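Observations on chain architecture
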Amino acid sequence: MESALTLDHFLIVSGFLFAIGLAGVLVRRNIIVIFMCLELMLSAANLTLVAFSRFNVHEGQPSYEGHVLLFFIITVAAAEVAVGLAIIVALYRSRETTDVGKLNTMKN
Amino acid sequence: MTILEIIVTLPLLAALVIGLGAPARFTALGASVLVLIMSLVTALRFSPSIEGALQNVSSRPLMQMDGFPSLSLSFGLDGISLVMLLLSAIVMVAAVLVSPKESDLKHSPRLFYLSLLLIGGGAIGAFCSTDLFFLYAFHELALIPTFLMIGIFGTGKNRLRTAWTITIYLGVGSLVLLVGLILAVIGLGGSTFNIEELTALASDAPMAAEMQNWVFFLLLVGFGVLVSLFPFHSWAAPAYAEAPAPVAMLHAGVLKKFGLYGLIRVALPFAPAGAEVLLNLVLVLLLGNIIYIGLVTIAQKSLDRMLGYSSVMHMGYIFLGIAASNELGLSGAVLLMFAHGISIALLFAMSGWLREKYGTLEFNKLGGIGKQVPKLGLLFGFAAFASAGLPGFANFAAEVEVFIGAFAGAQDGLGWIQWATIISLWGVVISAVYMLRAYRAIFMGPIPEKLEAPADICWSMRLPLIILLVALTAVGFVPELLNQFIRPAITVLLAAAG
Amino acid sequence: MDVTTIAWTVLLLPLIVAVSILLGLKRWSGLASLVSTGSAFITLFLCIRLAGGGDDLEAASFSWINMGDALQIDIGLVLDDLSRGMMLIVTSIGFLVHLFSLAYMKDDAGKSRYFAGLSLFMFSMTGIVLADNFIMMFIFWELVGVSSYILIGHWFEKDSAADAAKKAFLTNRIGDFGFMIGILLVWTLTGSIYFNEIAAAVGGVENAKLLNIAVFCVFCGAIGKSAQLPLHVWLPDAMEGPTPVSALIHAATMVAAGVFMLARVTFLVESAEMAATVIAWIGAITALVAALMALQQNDIKRILAYSTLSQLGYMIMAQGVHHGSDAGMFHLYTHAFFKALLFLGSGAVIYACHHEQDIWKMGGLRKKMPITFITFAIGTAALIAVPFTSGFWSKEAILEAAHHEHLWGPYTLAIIVAFLTPFYMTRLVIVAFFGKNRSDNADHAKEVGPIMWVPLALLAFMAVFSAYDFLTGPLMANGHADIGHLIGHFGLTATLSLTGLVVGVSAAIYFYKGKDKDPISIPAFADRFYIDEIYEKLIAIFQDGASKVCDLLDRYFIDPIVARFPAMTAMTTGSILRIFQMGNVQTYAFMFSIAVVALIVFLIS
């Protein structure tokens, strides 16, 4: 099968995704957006995982371990999102803000 | 379970029970009295012979792994640790007895008694362990409660700072000690933590000379910090001055002896060549303890600090016995550990009482109170004379052994250690100077006008003092009571060290 | 009872009494004092039985420290002529102290404590006398120090008494510092602490230099306890104690312990020639200096105290003279009686003059207190060595011994003292007892009652006759009055000392007869050569100064360097690292990502 897509394409996309996510994490103030950016970074990692797995052809068959791992990650990530959102909600209830600039009580 | 395991476990168990809500003073007193009785029974059943130096042995293997020293929770007694056990048990009972009643404590009385038991229990565990790991671990166990006791129940404005100082100081000392111990275990093959086996290894396959020097140096510094060896002494006096009386008694009387015990039990047999090389260093440092700290003691203006420094000073004589490292010197050192432990506990108990009743321990604010509290004056006189090394008390017998031990083998002319002994004999004068000055300032002379007389010591205070004093005089009149245990153990130790 | 049992009873009975007073009897002070006095009587009685003679004997011993081959220290008793004689002096003087104290301390609040102290003193003194080894002697040596501390400081609420007690103990401690070194050196050289073993081994000691040092160090103990120069300063101050104590213990028995100790180790002193010479010199110098000081004192008890010092100097000097040890012990024995007599006589005078101690405020007491005067005069006669009194014979023996050994230096000093002693004692007698009354107190003085003068009369008898055979026979093997010898060898010594007596007495009569104030004024003598003041300065400079310096050093140097430096390092590191912890999540994330990138770059390249 002839395909124009190579591993490099996937990695470039994944890299962009990761960079966008990281930039979001570092510069955005709203904690929900930060959280979403974090998810973006996670997705970038997932994409890399699948891509490597797909292109790791062994005796004509791609390796599927990466795919399997991906499902685990998605499941755990879902749980993590639930926990993370719950923490954010709780945080908003007590501080009435979602601005990380104002959430710096660790400093003192 | 052997009786020894019960003795070690009981204070810790009692601390746990107090933590869970048992009546604090009652439980602590019960546990410590039981420990004392069982220790005395152990001593009576102890057969002082060279064969089978360790008795009441028990061992519970915990870890056997290739490439890692085997570890077991093991206890056992030889003459030296038996004497230390007796010391701990006696002082612990006295310390619990002089502790304030629950209702007199401002903060959590449960924490007070719990910590007290942990300090005592930690010391007992350390003295009875035959496993290097637990020897160290039990001593560490006692450090945290000491911090709490000084920080929470201490006297004086600086108590928190003092608590931090002593904890960090001793923590650093323990760290150095730990490095030394690890080095020693590795140097001796790294196959076991058992002290007896390590001692045998040290005589069969000794470490290289260079290694021995390092091991002994690290152990000397590490243990030295714990014993307030000059110049690592500056934690001791403020800590004892600001600790509540029972803690000062337990720490100065018992826990501090751990460092000396470690030197005799671990450092000397593991690295005998290192000990010989570093002998002159030890001599210089112990003279620092005796003469320099002795002079510092004279300059003190309040009883609590003076006693704190005096307890630092007297460590010098024990080091002298260790430096002699012969049968006589080492036996004297062990006996002096016992004697000093009891006598300093006695003095701290009384200074605590004085502070409580008079509100001050400064020499120029007190005076002539021998008329007001004659019974205390009498007992304090005994303790002061004991501490100054008067015959009739255990301190004297021990000091005689140390001095003669240090002089042994000088037939061909005086060596460094003999000169050090001669200089340190002047310490006997120094200690008489500060003890009599203090006694003169506090108990003799006219009574200052504003000083109101409290009631003389009551029985609940007299009892612990009398217990300590009886122990001190009994051993002073018949040193054989303890020497019979110490001597064979020292013989075995020296034979192992070659 | 066999001899061993008696010896142990004599030793332990006072201890048992002291302990039982301490434990319970103290509540009934009358009973306590009676029990204590009773025990003193029993020990005196037993010692008289012991004195009956018999062979030298080592009583069974109790093993105190048993270190196998390394060291054995026993508490063992030795009974020979020396210890028997000394025991008799100790117990008889001790019994007198007890008896006198019964009256003197009748209404004292601390009576029980006082008698417990007396019993402790008897116990420790007995221990010194009976000891068969150095360590045991040292033990009791220290205990004597303790009991003297308790007794001098009996009225501890007085500053002067409290200070005097402390001074006595500490001065003795300095001597004991040397004593202990001496014991250790002797042990090193001879391998033993037992007197009989040392005696056997001392001949084989090759290191003569060290032996001399050792003997001198041992002698340091005697310097302290027998108040020789330069450690004499405590004895005059010790007069702050109750009079029976200062009179009898600090004049007759306790201070004699140093002399006794040297007599016990004569074999050591004799084998160390240099040290022996030093001993003789120090004794002679002490005798002279103390006599000079006595010349200008005005307090009756202080004059006697300095004369005690002077006489102790004689005894110590005798110990340093080859073959002079017996003469020294002989003088100790006669001195004990006439000095006790003089002190009790002064006690009676002080008592009669309403606690007036200044002799210039007495005067004319001869007519008011005839019995006291006569006994005091007899005591004085013995002290200034009027022929045929006991003091004459014993002093003669010491001077003869020094003369015989050609120790000219100490001999000359001793002869000078023989001129001075009659002078200051005659001065005392003339000023206090003759002339006219110089104060109201002296005017109202009356003769004391029989409870006080009977002991005086007894002692006066002893002061004259104690040197003669019928009294010394059982006690002193080699010391007794020997008239035949004197007549046969009437030589330089006897001539000089008789001249001294005549010159001293007549000079004193010439200067002091009918005077109302001291015609001679030599401040250096009156102020005891400023030795006390010099010592105070020295202590202030060296001990207190050094301790202050050390204290400051500890506070501002050692503690900062050893304790604070590590603490400061930890703190500084912490505060630097804290800059990076600003509490902002995004900054953490940024640093984290930078670090990850750096790590990756590092790993890849």
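Residues numbered from 1 in each chain as written. Chains lettered and ligands numbered in written order. Predicted model: local features only at pLDDT ≥ 70, side-chain atom pairs only at ≥ 80, totals over all residues. Heavy atoms only, no water.

Each helix and strand in chain B was counted, giving 20 helices and 2 strands. What you see for chain B is a C-alpha radius of gyration of 21 Å, in line with the 23 Å of a compact globule of 498 residues. Along the first, second and third principal axes, the C-alpha set of chain B runs to 70 × 60 × 40 Å. Counting over 498 residues, chain B shows a buried share of 67%. (Helix = DSSP H or I, 4+ residues; strand = E, 2+ residues; numbered from the N terminus. Rg over C-alpha atoms; globule rule 2.2 N^0.38 Å. Buried < 20%, exposed > 50% of the residue type's maximum accessible area, 1.4 Å probe, protein only.)

Core analysis: the biggest nonpolar cluster contains 428 residues, and B:Leu132, B:Met249, B:Leu303, B:Phe319, B:Leu354, C:Phe134 and C:Ile135 have the highest contact counts within it. Per-element accounting of this core gives the leading share, 20 residues, to helix α15 (residues 327–358) of chain B. Residue contacts for B:Leu132: discarding those within four places in its chain leaves B:Leu181, B:Val185, B:Phe193, B:Ile195, B:Leu198, B:Val266 and B:Phe270. One finds A:Ile31, A:Cys37, A:Ile88 and A:Val100 within the second-largest nonpolar core, a separate group that totals 9 residues. (Core = buried A, V, L, I, M, F, W, Y, C linked by side-chain atoms within 4.5 Å. Contact = heavy atoms within 4.5 Å.)

Interface size is commonly expressed as the accessible area that is lost once the parts come together. Taken together, the contacts link 8 residues of chain C with 12 residues of chain A. Roughly 760 Å² of surface becomes buried between chain C and chain A when both sides are summed, with 55% attributable to carbon and sulfur atoms. Here chain C and chain A share 0 salt bridges between them. The interface formed by chain C and chain A includes 4 residue pairs in polar contact (both at pLDDT 80 or more). With 4 residues, the top contributor of residues to the side of chain C that touches chain A is helix α27 (residues 585–604) of chain C. Of the residues belonging to the side of chain C that touches chain A, the class tally is 3 nonpolar, 4 polar and 1 charged. (Buried area = accessible area lost by both parts, 1.4 Å probe. Salt bridge = Lys/Arg side-chain N within 4 Å of Asp/Glu carboxyl O. Polar contact = N/O pair within 3.5 Å; in protein donor to acceptor, adjacent residues only side chain to side chain. Nonpolar A, V, L, I, M, F, W, Y, C, P; charged D, E, K, R; others polar.)

With that out of the way, let us pick up the environment of C:Leu492. Locating C:Leu492 in the fold gives a position in helix α24 (residues 492–512). Excluding residues within four positions of it along the chain, C:Leu492 makes contact with C:His403 and C:Tyr411.

What follows deals with the interface of chain C and chain B. Between chain C and chain B, the residue contacts involve 52 residues of the former and 61 residues of the latter. Of the roughly 5300 Å² buried where chain C meets chain B, counting both sides, 73% is carbon and sulfur surface. Its largest share of buried area at the contact with chain B, chain C owes to C:Trp64, C:Met67 and C:Arg173, together 13% of the area lost on that side. Applying the counting criterion to the chain C and chain B interface returns 4 salt bridges. Across the pair B:Lys371 and C:Glu157 runs a salt bridge whose closest N-O atoms are separated by 3.6 Å.

The subject of this paragraph is the pairing of strand β1 (residues 55–65) of chain B. Bridging between β1(B) and strand β2 (residues 68–77) of chain B involves 7 bridges; their strand directions are antiparallel. Paired with B:Gln55 across the two strands is B:Leu77, which belongs to β2(B). (Pairing = 2+ DSSP bridges.)

Attention shifts here to the packing of aromatic side chains. Each aromatic ring pair is described using two quantities: the centre-to-centre distance and the angle formed by the ring planes. Here the structure, examined in full by the defined rule, presents 46 aromatic pairs over all chains. Measuring from ring centre to ring centre gives 5.0 Å for B:Phe380 and B:Phe443, while their planes differ by 35 degrees; the resulting arrangement is tilted. Taken together, the residues B:Phe380 in helix α16 (residues 374–387) and B:Phe443 in helix α18 (residues 416–443) connect sequence positions 63 residues apart. Its relative accessible area of 1% is what places B:Phe380 among the buried residues. Look at B:Phe396 and C:Trp64: their rings are 6.0 Å apart centre to centre, the planes differ by 40 degrees, and that puts the pair in the tilted class. Of the two residues, B:Phe396 is situated in helix α17 (residues 394–407) and C:Trp64 in strand β1 (residues 57–66); the pairing between them involves two chains. Side by side, B:Phe396 and C:Trp64 carry an identical accessibility label, which is buried. Following the ring pairs from residue to residue traces out a cluster consisting of B:Phe396, C:Trp64, C:Phe134, C:Phe138, C:Trp141, C:Phe179 and C:Phe195. A cation sits over an aromatic face here: B:Arg462 above B:Trp459, 4.6 Å from the ring centre. (Phe/Tyr/Trp six-rings, centres within 6.5 Å; stacked < 30°, edge-to-face > 60°. Lys NZ or Arg CZ within 6 Å of the ring centre and 35° of its normal.)

Let's shift gears to the confidence of the model for chain B. Low-pLDDT portions of the prediction should not be read for the details of their coordinates. Within chain B, residue pLDDT values average 88, and 99% of them lie at 70 or more. Predicted confidence in chain B is weakest over β1(B), with a mean pLDDT of 82, and strongest over helix α3 (residues 79–98) of chain B, with 92. (pLDDT = per-residue confidence, 0-100.)

Before going further, it helps to spend a moment on the environment of B:Phe396. Under the relative-accessibility criterion, B:Phe396 is labelled buried at 4%. Apart from the residues lying within four places of it in its own chain, the contact partners of B:Phe396 are B:Gly389, B:Leu390, B:Pro391, C:Trp64, C:Phe138 and C:Ile139.

A separate point is α16(B). Residue and element names in this part refer to chain B. With 14 residues, α16 ought to run about 20 Å at 1.5 Å a step, and its terminal C-alpha atoms sit 20 Å apart, in line with that. By the criterion of burial, α16 is predominantly enclosed, with 10 of the 14 residues buried. All of the buried residues in α16 are Leu 376, Gly 377, Leu 379, Phe 380, Gly 381, Ala 383, Ala 384, Phe 385, Ala 386 and Ser 387. (Expected span 1.5 Å × (residues − 1).)

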